[in-house]
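Inside the fold
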Amino acid sequence: MRRNRSSIWRTAWTPAAASATAVCLMAIIGCPPAPPTGNENDNGGDSGLTGKFVGAARCAECHSGIHDDWAETLHAEALDTLEAIGQGSNAVCLPCHTVGFGEEGGFVDRATTNALAGVQCENCHGPGRDHVENVNDESLRPPISIAASVCGACHTGEHHPNFEQWETSGHASVTDTPAEEFAEGLALNNCGTCHSGDFRYLALIRGETVPDDYLLGVAHEDMNAVTCAICHDPHARTGNAPLTEDGRDYQLRYPEVANPTPSNTVEDTTNPERFNLCGQCHHDRGRTWQTNSRPPHHSNQANVYVGEMPIPEDTDLLVFSRVSVHASAPEQCATCHMYRQDFESEEAPAISGHDFQVNTAGCANSGCHASQAEAEARLVTLQTEIQGRLDDILTRLGDPTTWEYVANGGPPEEEQAAISNEIKQVRFLYYYALNDGSLGMHNPDYVRDMLEKADEILTDLGL
Ligand code: HEC
Ligand code: HEC
Ligand code: HEC
Ligand code: HEC
Ligand code: HEC
Ligand code: HEC
Ligand code: HEC
Ligand code: HEC
């Protein structure tokens, strides 16, 4: 259980205190002690605050917005957390719960370096004294890095293996094909929105214009993919997680749960603003059954989940929209893909959910299914059914060189016109169901409707 997180220092850190610090920094010398960052029981002082670390209160003078947001996060209270369980001076714990413990100029104790209590700016940006004393010198500005290793310095080990588990996921590296193009200076503004953390950070989070050749010559392993800071706001509580307890927030950048009304226009199916956190990237890219080049991209999970499919303007629906039976899973995608469990023992290790692999323990833990075994059994039955129906369609379509997309070895673009609309609809339905990757799990009945429609068309064609 967590302690009650009400904290006095939020009120102690008043605008008056802020401006006193500001005036002092103008003169650079002889600052009064920084405002307290500890809990109500400490009598912290800062006589030892003479090294390379200066503490978040100093940053607040100029970066007050970020500071005020950060002050509300659990990072700011990380030493209080240790103290609440009597571990406030355990040297094993302090490196991850304070600034610079064990390093020169870092946290020692509340009595001498209170301003360095908790996880602060300088844990992620490095020591700030040189910058604070020379704000105009660009070469001394603290680095900003969205690399997962920044967070992984602490979010690691048997109690919270977020970093290790994330590293095993597809999110940890940029998919090969786009990575090669980025390194050649191509396609960044197109594919980078979902495949490049570097692009996403600059273009979407900072709102900058990023040239396509921004990653020209960068080695594949030095590119950031979907790193921690792409999903998490490093500075602020956001209120985007529906199920938190004990003062937690998770600092998610986008809502974990969203329930858009199904829509079948290309404009809507490709619009990330309609979807939840995962749907920012796991949404369709707008190909319809009239597209000849490629099948729908492997990213249509949020659309299938919502029960929608892009269709060409002024054409009839291939299947009616149908909201998923799984739409009300309490944390939506995370319910199945991010099951979490605390560390109990070597035999029952912590599960951070950050490998994003489906764990059927989540199906039972969420209260939706009677047991993990029951959920597992239903999953196998469903996937077997859907795989069987997909295989059947493929068999009936026959020789792929007659009906496939250009990129999949079908007829070249100029000969695609010879393929009938009916066959184009069937191949689209087939790939829309297949490339979702869940074999029906995201929206069982909607996928059944798709395969039924494909079956009907093939039957009408005598295939
Ligand atoms: C006296 C004012 C002042 C103080 C104190 C100060 N900064 Fe800055 N900081 C600036 C200015 C000015 C810039 C450059 C303009 C900008 O990018 O906002 C800057 C830039 C930065 C940047 C780079 C921003 C970017 O977009 O490239 C970071 C990171 C940063 N500061 C962190 C800190 C941290 C951490 C502290 C406390 C250890 C701190 N600053 C204290 C004034 C200050
Ligand atoms: C390797 C860095 C690291 C070390 C060393 C470390 N912690 Fe933590 N601690 C963390 C991180 C990261 C979290 C946040 C976990 C989360 O929210 O997933 C945390 C959270 C906690 C929490 C809040 C409850 C929880 O698990 O979320 C407690 C209590 C805690 N640590 C106690 C300790 C104690 C006691 C020690 C020393 C015996 C210690 N920690 C050592 C990184 C560390
Ligand atoms: C948990 C790690 C972490 C902490 C703590 C943290 N930052 Fe950051 N900061 C980042 C990352 C990652 C980015 C880039 C992503 C972003 O902008 O959201 C960033 C971006 C920035 C930027 C540039 C973008 C902007 O919003 O202006 C500034 C300035 C900055 N941080 C200052 C601070 C200050 C000041 C503090 C302490 C009050 C702080 N940071 C605490 C990780 C952190
Ligand atoms: C210096 C160690 C350290 C670093 C670096 C660090 N964290 Fe943490 N983080 C912690 C600790 C310790 C806690 C637990 C604080 C507590 O509960 O008292 C925590 C808690 C969290 C939480 C839980 C917040 C909540 O409301 O439940 C999130 C999310 C988080 N960190 C994300 C990040 C991200 C993203 C980064 C990198 C941008 C990062 N952290 C960098 C140590 C660190
Ligand atoms: C910033 C874009 C982005 C966001 C946000 C995102 N993903 Fe992904 N995801 C990707 C990309 C790109 C891949 C493909 C990686 C590859 O194939 O190399 C991927 C792959 C996956 C995979 C395939 C398995 C694997 O490890 O390769 C799963 C499952 C997954 N994501 C689930 C999720 C879930 C659940 C969320 C929300 C918690 C989420 N994703 C959020 C971009 C994103
Ligand atoms: C709307 C977000 C988004 C955009 C834009 C995007 N992708 Fe993807 N892409 C994804 C997601 C999400 C996955 C992973 C799905 C999974 O693992 O099931 C993926 C998977 C892939 C894969 C692996 C699966 C496969 O098809 O073999 C490749 C290759 C790929 N994308 C290439 C590209 C290229 C090249 C571009 C630009 C022309 C691009 N993507 C644009 C989201 C996107
Ligand atoms: C694709 C999006 C995504 C990425 C990438 C991601 N997270 Fe998370 N993270 C989430 C979501 C969603 C939750 C909330 C899960 C829930 O509701 O149970 C979460 C929860 C957390 C929590 C709080 C719960 C816990 O595990 O204690 C921490 C801490 C955290 N993430 C740290 C990290 C770190 C560190 C990284 C990088 C190594 C990272 N995350 C990468 C989406 C992401
Ligand atoms: C009810 C549980 C459930 C929910 C909710 C759910 N998924 Fe899945 N997802 C699955 C299952 C089961 C699979 C198939 C995994 C397998 O067979 O290994 C899967 C497969 C995937 C894949 C393909 C994995 C791969 O290896 O290529 C991606 C990507 C994915 N889901 C993303 C999402 C996203 C994004 C959401 C939310 C919009 C979501 N899922 C919601 C259960 C779920």
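Above this text is the structure in question.
This section reports on the structure supplied with the text. (Residues numbered from 1 in each chain as written. Chains lettered and ligands numbered in written order. Predicted model: local features only at pLDDT ≥ 70, side-chain atom pairs only at ≥ 80, totals over all residues. Heavy atoms only, no water.)

**Description of the overall build of the protein**
Secondary structure summary: the protein contains 23 helices and 0 strands in total. Reported as C-alpha extents along the three principal axes, the dimensions of the protein are approximately 90 × 50 × 35 Å. Scored against the burial criterion, the 463 residues of the protein give a buried share of 43%. Within the protein, counting contacts between residues at least 6 apart in sequence, those at least 24 apart form 60% of the total. A total accessible area of about 23,000 Å² is found for the protein, and carbon and sulfur atoms account for 53% of it. Positive and negative side-chain charges in the protein, numbering 27 and 68 respectively, have mean positions lying 4 Å apart. (Helix = DSSP H or I, 4+ residues; strand = E, 2+ residues; numbered from the N terminus. Buried < 20%, exposed > 50% of the residue type's maximum accessible area, 1.4 Å probe, protein only. Contact = heavy atoms within 4.5 Å. Areas by Shrake-Rupley, 256 points an atom, 1.4 Å probe, with all protein chains shown as cover. Lys, Arg positive; Asp, Glu negative; His and termini not counted. Charge placed at Lys NZ, Arg CZ, Asp CG, Glu CD.)

**A look at the site of ligand 3**
As a matter of local geometry, ligand 3 sits amid 16 residues, with Cys121, Cys124, His125, His235 and Arg253 nearest to it. Contacts to ligand 3 include His125, whose side-chain N or O atom sits 2.8 Å from a nitrogen atom. A distance of 2.8 Å separates a nitrogen atom of ligand 3 from a polar side-chain atom of His235. Secondary-structure elements contributing two or more residues to the shell around ligand 3 are α4 (64-71) and α8 (121-125). Looking at which element gives the most residues to the shell around ligand 3, the answer is α8, with 3 residues. A per-class count over the shell around ligand 3 returns 8 nonpolar, 7 polar and 1 charged. (Near = heavy atom within 4 Å. Polar contact = N/O pair within 3.5 Å; in protein donor to acceptor, adjacent residues only side chain to side chain. Nonpolar A, V, L, I, M, F, W, Y, C, P; charged D, E, K, R; others polar.)

**Side note on the coordination of the iron atom of ligand 1**
Surrounding the iron atom of ligand 1 are the protein donor atoms His63 (NE2) and His131 (NE2), which sit 2.0 Å from the metal. Considering all 6 donor atoms around the iron atom of ligand 1, angles at the metal cover 87 to 179° and the coordination shape is octahedral. A residue pair is termed long-range when its members are at least 10 positions apart, and His63 in the loop between α3 (56-60) and α4 and His131 in helix α9 (residues 129-133) qualify at 68 residues. (Donors = N, O, S within 2.8 Å, 3.2 Å for Na, K, Ca; no water. Tetrahedral: all angles 85-135°; square planar, octahedral: opposite > 155°, others 65-115°.)

**A word on the coordination of the iron atom of ligand 3**
At the metal site, the iron atom of ligand 3 is ligated by His125 (NE2) and His235 (NE2), and these contacts range over 2.0 Å. Geometry at the iron atom of ligand 3 is octahedral, judged from its 6 donor atoms and the angles of 87 to 179° they form at the metal. Of this pair, His125 sits in helix α8 while His235 sits in the loop between α15 (228-231) and α16 (266-269), and the two are 110 residues apart along the sequence. You can call His125 partly exposed: its relative accessible area is 24%. Since its relative accessible area comes to 28%, His235 is described here as partly exposed.

**Focus on the environment of Lys453**
Note on placement: Lys453 falls in helix α23 (residues 444-460). Taking relative accessible area as the criterion, Lys453 reaches 24% and is therefore assigned partly exposed.

**Observations regarding the nonpolar core**
Core analysis: the largest hydrophobic core is formed by 31 residues, its most contacted members being Met309, Ile393 and Met450. Mapped by element, the contributors of at least two residues to this core are α20 (372-397), α22 (421-435) and α23. The biggest single contributor to this core is α22, with 8 residues. For Ile393, the contacting residues outside a window of four places in its chain are Val426, Tyr430, Leu451, Ala454 and Leu458. (Core = buried A, V, L, I, M, F, W, Y, C linked by side-chain atoms within 4.5 Å.)

**Here's the deal with the packing of α20 against α22**
α22 packs onto α20 with a crossing angle of 150° between their chain directions and a minimal axis gap of 11 Å. Between α20 and α22, the angle falls in the class roughly antiparallel. Judged by the sense of rotation from one axis to the other, the crossing of α20 with α22 is left-handed. Along its contact with α20, which presents Leu390, Ile393, Leu394 and Leu397, the element α22 presents Ile423, Val426, Tyr430, Ala433 and Leu434. (Axes fitted to C-alpha atoms, helices over the stretch in contact; angles between N-to-C directions. Parallel < 35°, antiparallel > 145°, perpendicular 65-115°, else oblique. Left-handed = near helix turned anticlockwise from the far one by under 90°.)

**A word on unusual backbone geometry**
Although it is not a glycine, Tyr250 adopts a positive phi angle of roughly 75°. Within the secondary structure layout, Tyr250 lies in the loop between α15 and α16. Residue Gln251 is not a glycine yet carries a positive backbone phi of 55°. Here Gln251 lies in the loop between α15 and α16. Residue Gln251 is classed as buried on the basis of its relative accessible area, which comes to 12%.

**Focus: α4**
For α4, the complete set of buried residues consists of His67, Trp70 and Ala71. Projected down its long axis, α4 shows its buried positions confined to an angular sector of 100°, all on one face. (Arc of directions from axis to C-beta.)

**What to know about the pattern of salt bridges**
Pairs can form between side chains of opposite charge once their charged atoms are near each other. Counted according to the given criterion, the structure contains 15 salt bridges. One salt bridge in this structure joins Arg110 and Asp80, with 3.6 Å as the shortest N-O distance. Note that Arg110 is positioned in helix α7 (residues 110-113) and Asp80 in helix α5 (residues 78-84), a separation of 30 residues in sequence. Under the relative-accessibility criterion, Arg110 is labelled buried at 11%. A salt bridge links Arg389 to Glu385, with the shortest nitrogen-to-oxygen separation between them at 2.9 Å. Here Arg389 pairs with Glu385, and both are found in helix α20, just 4 residues apart, close to one helical turn. Judged by its relative accessible area of 26%, Glu385 is partly exposed. One network of salt bridges, in which partners are shared, links Arg322, Glu385, Arg389, Asp445, Arg448, Asp449 and Glu452. (Salt bridge = Lys/Arg side-chain N within 4 Å of Asp/Glu carboxyl O.)

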